[in-house]
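A look at the structure
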Amino acid sequence: MLLLLDILTTAAILFVVAIGLLAVFGVLKIINFAHGAWLTIGAYCAVVAGKLGLNPWAALPLAFAVGAALGGLAELFIIRPLYRRPLDAILATWGLGIVVGQLITLAFGRDVQLTPNLVSGTVEVLGTGYSAYRLVALLAALVIGTGFALVIERTRLGLSARAVIMNETLARSLGLDTARVRLVVFMIGAGLAALAGVLLTPLTSVDPTMGVGWLIGAFMLVMVADASFLALAAACLVFGAAQVLVSTFVSPVLGSIAVAVLAALVLRISPKGFSRA
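Just so we're clear, the structure is a prediction, and the values are computed from it rather than from any experiment. (Residues numbered from 1 in each chain as written. Predicted model: local features only at pLDDT ≥ 70, side-chain atom pairs only at ≥ 80, totals over all residues. Heavy atoms only, no water.)

All right, on to the overall build of the protein then. Broken down by element type, the protein carries eleven helices and two strands. Counted from the first residue to the last, the protein has its helices and strands arranged as α-α-α-α-β-β-α-α-α-α-α-α-α. Taken against the 2.2 N^0.38 rule, which gives 19 Å for 277 residues, the C-alpha radius of gyration of the protein at 18 Å falls within 12% of a compact globule. Referenced to the eigenvectors of the C-alpha coordinate spread, the extents of the protein come out at roughly 60 × 45 × 35 Å. Considering only residue pairs separated by 6 or more positions, the protein has 75% of its internal contacts joining residues 24 or more positions apart. When the accessible area of the protein is evaluated, it comes to approximately 13400 Å², of which 69% is carbon and sulfur surface. (Helix = DSSP H or I, 4+ residues; strand = E, 2+ residues; numbered from the N terminus. Rg over C-alpha atoms; globule rule 2.2 N^0.38 Å. Contact = heavy atoms within 4.5 Å. Areas by Shrake-Rupley, 256 points an atom, 1.4 Å probe, with all protein chains shown as cover.)

To continue, consider the pattern of salt bridges. Scanning the model with the defined rule gives two salt bridges in all. A salt bridge links Glu75 to Arg80; its shortest N-O distance comes to 3.1 Å. Between Asp88 and Arg85 there is a salt bridge, with the nearest N and O atoms lying 2.8 Å from each other. (Salt bridge = Lys/Arg side-chain N within 4 Å of Asp/Glu carboxyl O.)

Two numbers describe how helix α2 (residues 35–51) lies on helix α7 (residues 178–200): the axes approach to 6 Å, and their chain directions differ by 55°. It follows from the interaxial angle that α2 and α7 lie oblique. Read as a crossing pair, α2 and α7 show a hand that is right-handed. Of the residues in α7, those in contact with His35, Trp38, Leu39, Gly42, Ala43 and Ala46 of α2 are Phe186, Ala190, Ala193, Ala194, Ala196, Gly197, Val198 and Leu200. Grouping the constituent residues of the contact of α2 with α7 by class yields eleven nonpolar, three polar and no charged. (Axes fitted to C-alpha atoms, helices over the stretch in contact; angles between N-to-C directions. Parallel < 35°, antiparallel > 145°, perpendicular 65-115°, else oblique. Left-handed = near helix turned anticlockwise from the far one by under 90°. Nonpolar A, V, L, I, M, F, W, Y, C, P; charged D, E, K, R; others polar.)

This next bit is on the nonpolar core. Counting residues in each nonpolar core, the largest one holds 77 residues, and the members touching the most others are Ile19, Leu28, Trp38, Leu199, Leu221, Leu232 and Phe239. Ranked by the residues each element gives to this core, the list is headed by helix α1 (residues 2–28), at 15 residues. Apart from residues lying up to four places away in sequence, Leu232 is in contact with Phe15, Ala18, Ile19, Leu22, Leu221 and Ala225. (Core = buried A, V, L, I, M, F, W, Y, C linked by side-chain atoms within 4.5 Å. Buried < 20%, exposed > 50% of the residue type's maximum accessible area, 1.4 Å probe, protein only.)

We now examine the pairing of strand β1 (residues 122–125). By the bridge criterion, four bridges tie β1 to strand β2 (residues 128–131) in an arrangement that is antiparallel. Paired with Thr122 across the bridge in β2 is Ser131. Where β1 hands over to β2, the hairpin turn is made up of two residues, of which Leu126 adopts a positive phi near 50°. (Pairing = 2+ DSSP bridges.)

Attention now moves to helix α8 (residues 210–225). Here α8 spans 24 Å end to end across 16 residues, near enough to the 22 Å set by a 1.5 Å rise per residue. What α8 keeps buried is the set Met210, Gly211, Leu215, Gly217, Ala218, Met220, Leu221, Val222, Val224 and Ala225. In the core, the buried residues of α8 are packed alongside α1, α2, α4 (86–108), α7, α9 (229–249) and α11 (258–269). Just beyond α8, the residue with positive phi is Asp226, at close to 55°. (Expected span 1.5 Å × (residues − 1).)

Across the interface, α1 lies against α9 with an axial gap of 7 Å and an inter-helix angle of 135°. One way to sum up the angle between α1 and α9 is to call them oblique. The handedness of the crossing between α1 and α9 is right-handed. Contacts from Leu3, Asp6, Ile7, Leu8, Thr10, Ala11, Leu14, Phe15, Ala18, Ile19 and Leu22 of α1 reach α9 at Phe229, Leu232, Ala233, Cys236, Leu237, Gly240, Ala241, Gln243, Val244, Leu245, Thr248 and Phe249. Residues of the contact of α1 with α9, tallied by class, amount to 18 nonpolar, four polar and one charged.

The next subject is unusual backbone geometry. Here the phi dihedral of Lys29 falls at roughly 65°; this positive angle occurs in a residue that is not glycine. Looking at the secondary structure, you find Lys29 in the loop between α1 and α2. Judged by relative accessible area, Lys29 falls into the partly exposed class, the value being 44%.

Attention shifts here to the side chain of Arg134. On the secondary structure map, Arg134 appears in helix α5 (residues 132–154). No salt bridge is formed by the buried Arg134. Its closest oppositely charged neighbour is Asp6, at 4.3 Å. Not counting chain neighbours up to four residues away, the residues in contact with Arg134 comprise Asp6, Thr9, Thr10, Ile13 and Leu203. (Lys, Arg positive; Asp, Glu negative; His and termini not counted.)

Here we take up the environment of Val99. In this fold, Val99 is placed in helix α4. Along the primary structure Val99 and Cys45 are separated by 54 residues, whereas in three dimensions their C-alpha atoms are 17 Å apart.

Shown next as structure tokens:
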């Protein structure tokens, strides 16, 4: 039971971290290497909320709002002029991530920050005590995934985003404001990344470089998913299981790199990854 719960919650955490990056990649067709910076911004929103004496749960909407606002500014002034130059856009987002990290260092220093726990203690699941927070992370992944799917499938924004994904030139010729769609999607992606940063605070140290390690795993998952929501969920479950099993039965060090190694193998065998079917 513990092993099964570890697999499910690890997959949930990977999904929460990667979903914002998938949203941006699916519509904008660029890899946002500032994704790790948005994660870090979200974590530091939790730090600020704690210092202000706010309820720890208040950090979630605060992080989403801050991430979305900063993401909108980044899209307007940095990324938008580079859509036709994808390599330059990747380099620009990488540089943006470095700048954000340095600004956070100037504001908070390099020391590890402490954040209040959203949930503490354990919960008994079928006679087995398990971390209450990891179960909350699993619930958060289900809520975020369901909400994302509903936005894509049931809203005008989702319809517009799917039109841009399928054929942006045709969508523009039909009168769709593709620039606005790109802006809103990037804001949502950055907001989701910042939200994930808050959810990560009980699981990792909060410092100016915390997003870098998570960025690598998210990047590999999105490459395997190839902009498919369902493929991302499947990849998180499969690779999360591999990470837990390798960490448990072989070595935690090897487990930490399992996602990157397996993703590289999958892409070597099938360039379309899990979305090939």
